[in-house]
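As a plain string of letters, each chain reads:
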Amino acid sequence: MFQPQNLRKTYDGVLRNTKLARENGLSDQFVAIADDGTGDLLCLRIGNSKQMLEEIYLGSHESGKCEQMYSNLVELIMEQ
């Protein structure tokens, strides 16, 4: 969860979630930025040039696969 008053905690959460997710099968192409409350993860994909791409993916905790859900963060926010 983003915490503007404590960015270090937010940063640590992304690192911890990504590490745990990768230990459980998440591809190295993805970074876990949040969970959806059901065990699935919202992820960003790392492009060929090592930059973060705009699309938001849902990483299934059951299959370990990621499926694109949103074109970008704005679309995710607007649909909530």
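In case you missed it, the structure is sitting above this.
The sections below set out a description of the structure shown in this document. (Residues numbered from 1 in each chain as written. Predicted model: local features only at pLDDT ≥ 70, side-chain atom pairs only at ≥ 80, totals over all residues. Heavy atoms only, no water.)

Below, the discussion takes up the sheet that holds strand β1 (residues 30-35). Through backbone hydrogen bonds, the strands of a sheet pair up, either in parallel or in antiparallel fashion. The strand order across the open sheet formed by four strands is β1-β2-β3-β4, and the pairing between neighbours is antiparallel. In this open sheet, the two edge strands, each paired with only one partner strand, are β1 and β4 (66-70). For this sheet the average axis-to-axis angle between neighbouring strands, irrespective of direction, equals 40 degrees. Sheet analysis places strand β3 (residues 52-59) next to β4, joined by four bridges and oriented antiparallel. Bridge pairing links Y57 to Q68 in β4. (Pairing = 2+ DSSP bridges. Helix = DSSP H or I, 4+ residues; strand = E, 2+ residues; numbered from the N terminus. Axes fitted to C-alpha atoms, helices over the stretch in contact; angles between N-to-C directions.)

So, about the pattern of salt bridges. Taken as a whole and judged by the stated rule, the model has one salt bridge. Notably, a salt bridge pairs R22 with D28, separated by 3.7 Å at the nearest N-O pair. By relative accessible area, R22 is classed as partly exposed at 31%. The exposure class assigned to D28 is exposed, which follows from its relative accessible area of 59%. (Salt bridge = Lys/Arg side-chain N within 4 Å of Asp/Glu carboxyl O. Buried < 20%, exposed > 50% of the residue type's maximum accessible area, 1.4 Å probe, protein only.)

Examined against the element boundaries, D40 turns out to sit in the loop between β1 and β2 (41-46). Separated by 2.6 Å, the side chains of D40 and H61 make a polar contact. Excluding residues within four positions of it along the chain, D40 makes contact with A34, D35, L58, G59, S60 and H61. (Polar contact = N/O pair within 3.5 Å; in protein donor to acceptor, adjacent residues only side chain to side chain. Contact = heavy atoms within 4.5 Å.)

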